[in-house]
Amino acid sequence: MPVIKLRLRSLFLLYSLLLISFAQAQVKVIKGRVKDGHTDEFLPFASVVFKNSSIGKITDSSGTFRFVLSKWPSDSLIITSAGYKPLVLVIPPNKDTLEVLASLEAGNAAVAVVVTAKQRHSRGWYLWKKVVAHRDQNNIFRNDNFTYLVYNKLELDVNNFSRQKIEKSRLLKPFRFIGNHVDTVSEDKPILPSFFSETLSKYYFQKEPHRTREIIIANKVSGVKNEGITKYLGGLYQNIIIYANFIPVFDKEFISPISSNGDSYYDYQLTDTQRVAGKRFLHLVFIPKRPGENTFTGDCWIHDTTYAVQKVILHVSKEANINYVDKLSLVQEFRLIDDSTWFLSKDKFVVNLNPVGGKNAGFIARKTTTYDSVQVNTAMVLPVVAKNKVLEEVEVLPQAKDGALNWEKMRSDTLTKNERGIYEMIDSLQHAPAYKRYYNTLYFLTTGYKNIGKFQIGPWLSWISGDSLEGTRVRFDLGTNKNFSKTIYLHGYLAYGFTDKRFKGMGEALVLLKKEPWQTLHISYTDDLDRSQHYNNGIPADNALALAVRKKGIPAKFINLQQEKLEYLHDSKIGLSAEIGISHQIFTPLKNLPDKTFFPVTGGNPLTATTVSLKLRFAYLEKFYNTNFFRYSLGSTYPIPEIEFTAGIKNILHSSYNYQKISGNVSQQFSVAPLGKISYNVFAGKIFGTLPYPLLEVHPGNELYLYNKYAFNLMNRYEFISDRYAGFTTEHNIGNGLFRFVPFTRKLKFRQFWNIKGVTGTLSEANGQLNLASNPLFKSLNNKLYLELGTGVDNIFKLFRVDFVWRLAPTPLPDARAGRFGIFGSFKVQL
């Protein structure tokens, strides 16, 4: 009996195991997460349904879903979310367990967001009105002050870049070692990380009086060796405010979906309601009413009690008037820090740039910012912002770039496996001889300069040029770089004209005394044609292009300038700079201008002047990009006034003139969203003394068909001279303007603009007798207004601009060769 019982138990156990094994064989499991294919943000409450069945789920608040089934209801899974294109996943029939990561692309909304005239006051529209009504109380900047710890991570990658492309390309053969660092998380979108930075900072904000201060605690950069860029890698210069009427995207202003008049630009629909952690959130989807406007598509989750935004995802469409951008997404998340205050917890900015187009390699930039240790309306802010000398100030701590800092403890956002390998990969890449060779070639072609050891040659655009005086002109520049010295810059060039058979040249030395604040000492010697009248838009005046586009029938005018100059520039943290200069000038007219015999003098040389000058400039909150020896303005939102005092001193170095000159200008560029940007410059000056024309105000004319924004384009050079003058220039860049209403021009991303320029001036009787009688080409405006008006088409093929310019006054034309109307071209790389 015991044996029989034992056998029965064994049989029962075997039977049970078979049943369990059979049951397990019948279980089908599929789990995964749903994310935004561009931002990598996981999508909560997305619909996951088996095709042609009633079996489905929605993802949880982290974008996760899971099915456990006895059999597959169908052979495919349909994943949808409002504002995204549906995704169909095919289920392999022989798989019992699947784990998927589904990426949805922004596009046609899964829920049709169409609002007809009868449906204007839909539930979505009412929710939007509630959000707008509460946006002031939900905006973090309503608080008297706040502070937080901000961690900022910025990455630049090359996309459409795979191991296969590296292995097949002969040009990329030396870089095969970097194939191991290509991120293949998404097989159809391989990327090669090329720049990475991490910044940890403490940010302080005070509402009244307005003060902000950011203290850069730590900064780690791979890919760029420029100390001046550190202050722009924190959190201060990259925030967006979802509750504002406009959201900046590069240099353009996009209309926020929470704008006070957002319903003029967006259609809204309430698509869902969900509860998370005991709180109820409403899902609001928005799409643009019309194509071609600076608007977003996207969605947001709204807290039903405070009507605060908990999370928002914004996508810029391809039809938006931005160049080279395939995709652009913005994400903001907020968290509740007390009973009613929602504060930023995360920012994300992702943009795909493709300068070449098609499936060629481009760039993808990602910025992720997290906010921790938030304190609102605290007394600790006051003593910190009290240190400010200006409204907004950034302080970089001395130890910020210390390589020994423990980033594992400091960072609040975990690095991916790929991000951890970036530092080593970029270091290997930058030390590869082939990389250096390719980089130097690209740098030479784009900037015109080439570094050779401790020296630099270029710009190549000036190597060969020509004009009617010099004939073919050749020029060679040689300068030093940071390998020669980090504080002293030397540069010079030698030029030769094969027709006039004369050598010309220039030599200069710049001493960088201090970077914070900026202080320099500059000394130079020049003996060359005076090209200051060309106002050349950043293009060297002695280039072959200038000869090719010269207006016909207008005599070219040439004057030589021999000049020694010493300048000292001292900037300050508040934006006030002072420049003191000493100069000695000898002008020698060469062609189509009155020569020295028309201006006899006693006790010196004609057309020779020695001057001292003082220039004061105030640019409040102006931002700069610093290179080794130079800095380039990134602009200021405030007007920038500038005033200069100049005094000529007779009998020093054969100078023949005692005179005084005062001149000044105010310039500014500001946004008039959604109607683009306006820039203006207002200027005036007066000269006290009797002087020959080179020392008077020669109003800038343009004798080329290349448009010049700094000159009067239908005025000839040396056409008008003054010793008392005032004028203005204004340009309004509208954006796509009327072009957005025509599908063809909207697709080509044409841009519209208009401008107007004017100047008035006069000559004293003594200066008129001295100068007007010497050359019939010279004219005085005699207090009349010179005025020209222009408009045209910009961003043609993302590069070219055509200007149509009318000369409105004075009438009749003093010089018939100037013309009443002209067409000009120019080019500029712009976003």
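Refer to the structure above for everything that follows.
What this report covers is the structure whose coordinates are included nearby. If you're wondering where the values come from, they're calculated on a predicted model, not measured in any experiment.

## A few points about the overall build of the protein chain
Alright, step 1. Within the protein chain, the regular secondary structure consists of 12 helices and 42 strands.
Alright, step 2. Burial statistics for the protein chain: of 831 residues in total, 47% are counted as buried.
Alright, step 3. Surface accessibility of the protein chain: about 40800 Å² in total, with carbon and sulfur atoms responsible for 59%.

## Some points on the sheet that holds strand E7 (residues 97-104)
Alright, step 1. An order of E4-E1-E7 is seen for the 3 strands of this open sheet, with the pairing classed as mixed. Here the strands that pair on one side only, and so sit at the sheet edges, are strand E4 (64-69) and E7. Neighbouring strand axes in the sheet, compared pairwise and without regard to direction, differ in orientation by 15° on average.
Alright, step 2. Looking at chain direction, strand E1 (residues 28-36) and E4 are connected through 6 bridges and run antiparallel. Looking at the pairing, Lys28 lines up with Leu69 of E4.

## Brief notes about the nonpolar core
One broad rule of soluble globular proteins: the nonpolar side chains tend to lie buried together.
Alright, step 1. Formed by 52 residues in total, the largest nonpolar core has its most connected members in Phe296 and Leu330.
Alright, step 2. Those residues in contact with Leu330 that sit more than four places away from it in its chain are Ile240, Ile247, Val249, Phe296, Val312, Ile313, Leu314, Lys348 and Phe349.

## Observations regarding the pattern of salt bridges
Alright, step 1. The full count for this structure, using the stated rule, is 29 salt bridges.
Alright, step 2. The closest approach of N and O atoms between Glu719 and Arg807, which form a salt bridge, is 3.1 Å. Remark: Arg807 occurs in strand E41 (residues 800-809) and Glu719 occurs in the loop between strand E36 (697-698) and strand E37 (721-722); sequence separation between them is 88 residues.
Alright, step 3. A relative accessible area of 3% places Glu719 in the buried class.
Alright, step 4. Taking the relative accessible area as the measure of exposure, Arg807 reaches 2% and is therefore buried.

## As for the packing of aromatic side chains
Any aromatic ring pair is given by two values, namely how distant the centres are and how the planes are angled relative to each other.
Alright, step 1. Tallied over the entire structure, the rule returns 41 aromatic pairs.
Alright, step 2. Taken together, a centroid distance of 5.8 Å and an interplanar angle of 80° make the contact between Tyr266 and Phe286 edge-to-face. Of the two residues, Tyr266 sits in strand E13 (residues 266-276) while Phe286 sits in strand E14 (residues 279-288), which places them 20 residues apart along the sequence. In this structure, Tyr266 and Phe286 share a single accessibility class: buried.
Alright, step 3. A ring pair is formed by Tyr693 and Tyr718, whose centres lie 6.1 Å apart and whose planes are at 85°; its orientation type is edge-to-face. Here Tyr693, found in the loop between strand E35 (677-688) and E36, pairs with Tyr718, found in the loop between E36 and E37; they are 25 residues apart in sequence, far enough to count as distant. For the residue pair Tyr693 and Tyr718, the accessibility class agrees, reading buried in each case.
Alright, step 4. Here the aromatic residues Phe141, Phe146, Tyr148, Tyr203, Phe205, Phe343 and Tyr371 are joined through ring pairs into a cluster of three or more.

## Some thoughts on the sheet that holds strand E3 (residues 56-58)
Alright, step 1. Overall, antiparallel pairing links the 4 strands, which are arranged E3-E2-E5-E6 in an open sheet. Either end of the sheet is taken by a strand with one partner, and the two such strands are E3 and strand E6 (87-90). Across this sheet, the average inter-strand angle for adjacent strands is 20°, counted without regard to direction.
Alright, step 2. Judged from the 4 bridges that link them, strand E2 (residues 47-50) and strand E5 (residues 76-80) form a sheet pairing that is antiparallel.

## Some points on the pairing of strand E25 (residues 488-497)
Note on strand geometry: in a regular strand, side chains alternate between the two faces of the sheet.
Alright, step 1. With 7 of its 10 residues buried, E25 lies for the most part within the structure.
Alright, step 2. The sheet contact formed by strand E24 (residues 471-480) and E25 spans 7 bridges and is antiparallel. Considered in E25, the bridge of Asp477 is made with Tyr493.
Alright, step 3. Strand direction decides the pairing type here: E25 and strand E26 (residues 502-514), joined by 10 bridges, are antiparallel. From the neighbouring strand, Ile488 faces E26, where its bridge partner is Val511.
Alright, step 4. Between E25 and E26, which pair antiparallel and follow one another directly, the connecting turn spans 4 residues, one of which, Lys501, has a positive phi of 55°.

## Observations regarding helix H9 (residues 433-447)
Alright, step 1. Taking 1.5 Å per residue as the helical rise, H9 with its 15 residues ought to reach 21 Å, and the 21 Å between its terminal C-alpha atoms agrees with that figure.
Alright, step 2. Downstream of H9 by a residue or two, Gly448 has a phi angle that is positive, lying close to 95°.

Thresholds applied
Residues numbered from 1 in each chain as written. Predicted model: local features only at pLDDT ≥ 70, side-chain atom pairs only at ≥ 80, totals over all residues. Heavy atoms only, no water. Helix = DSSP H or I, 4+ residues; strand = E, 2+ residues; numbered from the N terminus. Buried < 20%, exposed > 50% of the residue type's maximum accessible area, 1.4 Å probe, protein only. Areas by Shrake-Rupley, 256 points an atom, 1.4 Å probe, with all protein chains shown as cover. Pairing = 2+ DSSP bridges. Axes fitted to C-alpha atoms, helices over the stretch in contact; angles between N-to-C directions. Core = buried A, V, L, I, M, F, W, Y, C linked by side-chain atoms within 4.5 Å. Contact = heavy atoms within 4.5 Å. Salt bridge = Lys/Arg side-chain N within 4 Å of Asp/Glu carboxyl O. Phe/Tyr/Trp six-rings, centres within 6.5 Å; stacked < 30°, edge-to-face > 60°. Expected span 1.5 Å × (residues − 1).

From the geometry alone we can't say anything about function, so treat these as descriptive.
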